[in-house]
Amino acid sequence: MKQKAGSIRDIARDTGRSVATVSRALNGSQSVTKETRVAIMEAVERLNYIPNPAARALTTKRSRTIAAVVPTLEHSIFARFLSSVERTVTRLGYSLVIAVNNSNLDEELAATHKLLGMGAEGFIFSGAQHHDELYTLLERRAAPYVFTSCWDPQANAPTIGYDNHALAHDAVDYLYGLGHRDIGILHGPVAINDRARARLDGARSFSADDIRLAVCETDLSVTGGLKSVTELLAGKTNVTALLCFSDVIALGARFALEHAGWKVPQDMSLMGFDNLEWSENANPPLTTFELPSRAMGQKASEVLIEKLEGGREIEPFELHGRLIVGGSTARISNG
């Protein structure tokens, strides 16, 4: 028969300590002696005590919950990021709740209202472009928040991430250094995505008299990349390299090239962004930028909890991407 879960009062009776002492020990208070803590934790195991978050929240007026609001769960880069967030908040004694906004600012605002109602104390958002009412709502509730996947010291809130503008500039510079002068740029929708806009602006900021960029906005999906490159190859094109601002788009581009009988990199160089799991196992491996999603998740979680625990102000923090050179790009001659 399954053992009935014990209560704090059961632990107090079992160990001969007060309910207040048991509560302090379970909450990690340093005022509890080592001997007492060991006795209480042994009783926790013996009596099958399971903490009640709702009861704890009523007592402490805190939920110890962090909320992460992301555009989607369909792309593995967000799974990688959220996995890091979850590990970090758990290590620091907090819980994580996740919401998806489907790249819609109204949905994001509605989700934030709901999460605040559930007791979320701090928030992690993707990007720096959000509904004006979001800032008012969070400030009114005194809920600290950070923006991730970007780094902009001038943003309305602390940003923890990487410089999308600089990374895209460096990507074009890399392809230019291989001799490519006609480069196709494939990017996701920019209307409400500041990260996509920053990458596009970064690519366009590369200065050279003989470079020509063919820019194409597409869905941030494999299908989007496949459709866009299929249309590109159907017309007359001088493009010798494709720079995709997501490995997801790059995968679709790769399928389109294969369907058309084009070889990578002999007929077309291909470059992505994100360094997703499949990238290094492709044949040939994809040249891409590795984005520090795990380090970003850890840092964002830590600074939020430091703010909640001790009031420490959150400062912008820049992380750096890393160029991963695979076999999908090659040098060409312009002679």
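Scroll up for the structure.
Just so you know, the residues in each chain are numbered from 1, in the order the chain's sequence is written. Per-residue local features are limited, in this predicted model, to residues with pLDDT of at least 70; the limit for side-chain atom pairs, both in listing and counting, is 80 or more; totals at the level of whole chains, interfaces and linings are taken over all residues. Working from all heavy atoms in the structure, the side-chain values ignore hydrogens and water.

Enquirer: Describe the overall build of the protein chain, naming the residues involved and giving the relevant values.
Expert: Within the protein chain one finds twelve helices and twelve strands. Residues counted as buried form 47% of the 335 residues belonging to the protein chain. Surface accessibility follows the Shrake-Rupley procedure with a 1.4 Å probe radius. Residue values consider only the protein chains on display as shielding. As displayed, the protein chain has an accessible area near 16700 Å², and 50% of this comes from carbon and sulfur atoms. In this charge count, Lys and Arg are treated as positive and Asp and Glu as negative; neither His nor the chain ends contribute. Charge positions come from single atoms, namely NZ of Lys, CZ of Arg, CG of Asp or CD of Glu. Both charge centroids of the protein chain, one from 35 positive and one from 39 negative side chains, sit 9 Å from each other. Helix numbers and strand numbers start at the N terminus; a helix is a DSSP run of H or I with at least 4 residues, a strand a run of E with at least 2. Note on classification: 1.4 Å probe, protein chains only; a residue is buried when its accessible area is under 20% of the maximum for its type, exposed when over 50%, partly exposed between these limits.

Enquirer: Explain the side chain of Asn-193 to me, using residue names and the numbers behind them.
Expert: Mapped onto the elements of the fold, Asn-193 is located in the loop between strand S6 (182–187) and helix H9 (194–204). The definition of a polar contact used here is a pair of N or O atoms within 3.5 Å, where within protein one atom must be able to donate a hydrogen and the other to accept one, and adjacent residues in sequence count solely through side-chain atom pairs. Polar contacts involving the side chain of Asn-193 include one to the main-chain amide nitrogen of Arg-195, which spans 3.0 Å. A distance of 2.9 Å separates a polar atom in the side chain of Asn-193 from the backbone nitrogen of Ala-196.

Enquirer: Can you tell me about the pairing of strand S8 (residues 241–244), naming the residues and giving the values?
Expert: The alternating pattern of S8 places Ala-241 and Leu-243 and Leu-242 and Cys-244 on opposite faces, both of which are buried. Each pair of strands is called paired provided DSSP finds at least two bridges between the two strands. As defined by bridge partners, S6 adjoins S8 across four bridges and the pair is classed as parallel. Residue pairing for S8: Gly-184 is matched across the bridge by Leu-242. Relative to strand S9 (residues 269–271), S8 runs parallel, the two sharing three bridges. For Leu-242, the partnering residue across the bridge sits in S9 and is Leu-270. The definition of a right-handed crossover adopted here requires that, viewed with the strands pointing away, the path from the first strand over the helix to the second runs clockwise. In terms of handedness, the path from S8 via helix H11 (residues 247–259) over to S9 forms a crossover that is right-handed.

Enquirer: Just give me the short version of the sheet that holds strand S2 (residues 95–100), but keep the residues and values in it.
Expert: A sheet is described by the order of its strands in space; here six strands give the open sequence S2-S1-S3-S4-S5-S11, paired in parallel fashion. Only two strands of the sheet have a single neighbouring strand rather than two, namely S2 and strand S11 (317–318). Here, residues are in contact when the closest pair of their heavy atoms is within 4.5 Å. Axes here mean lines fitted to C-alpha atoms, for a helix over just the part in contact, with angles spanning 0 to 180 degrees between N-to-C directions. Packed on one face of the sheet, helix H6 (residues 105–117) meets strand S1 (65–70), S2 and strand S3 (122–126) and runs near 165 degrees to S3.

Enquirer: Residues and numbers for the packing of helix H1 (residues 8–15) against helix H3 (residues 34–46), please.
Expert: In the contact formed by H1 and H3, the axes pass within 10 Å of each other and the chain directions differ by 125 degrees. Taken as axis vectors, H1 and H3 run oblique relative to one another. Like other packed secondary-structure pairs, H1 and H3 cross with a definite hand, here right-handed. In this structure, H1 uses Ile-11, Asp-14 and Thr-15 to contact H3, whose residues at the interface are Ala-39, Ile-40, Ala-43, Val-44 and Arg-46. Each residue gets one of three labels, nonpolar for Ala, Val, Leu, Ile, Met, Phe, Trp, Tyr, Cys and Pro, charged for Asp, Glu, Lys and Arg, and polar for the others, Gly among them. Of the residues assigned to the contact of H1 with H3, the class counts are five nonpolar, one polar and two charged. Under this scheme an angle from 65 to 115 degrees is roughly perpendicular, one under 35 degrees roughly parallel, and one over 145 degrees roughly antiparallel; angles in between are oblique. Helix crossings fall into two classes, left-handed where the near helix is turned counterclockwise from the far one by less than a right angle and right-handed where it is turned clockwise.

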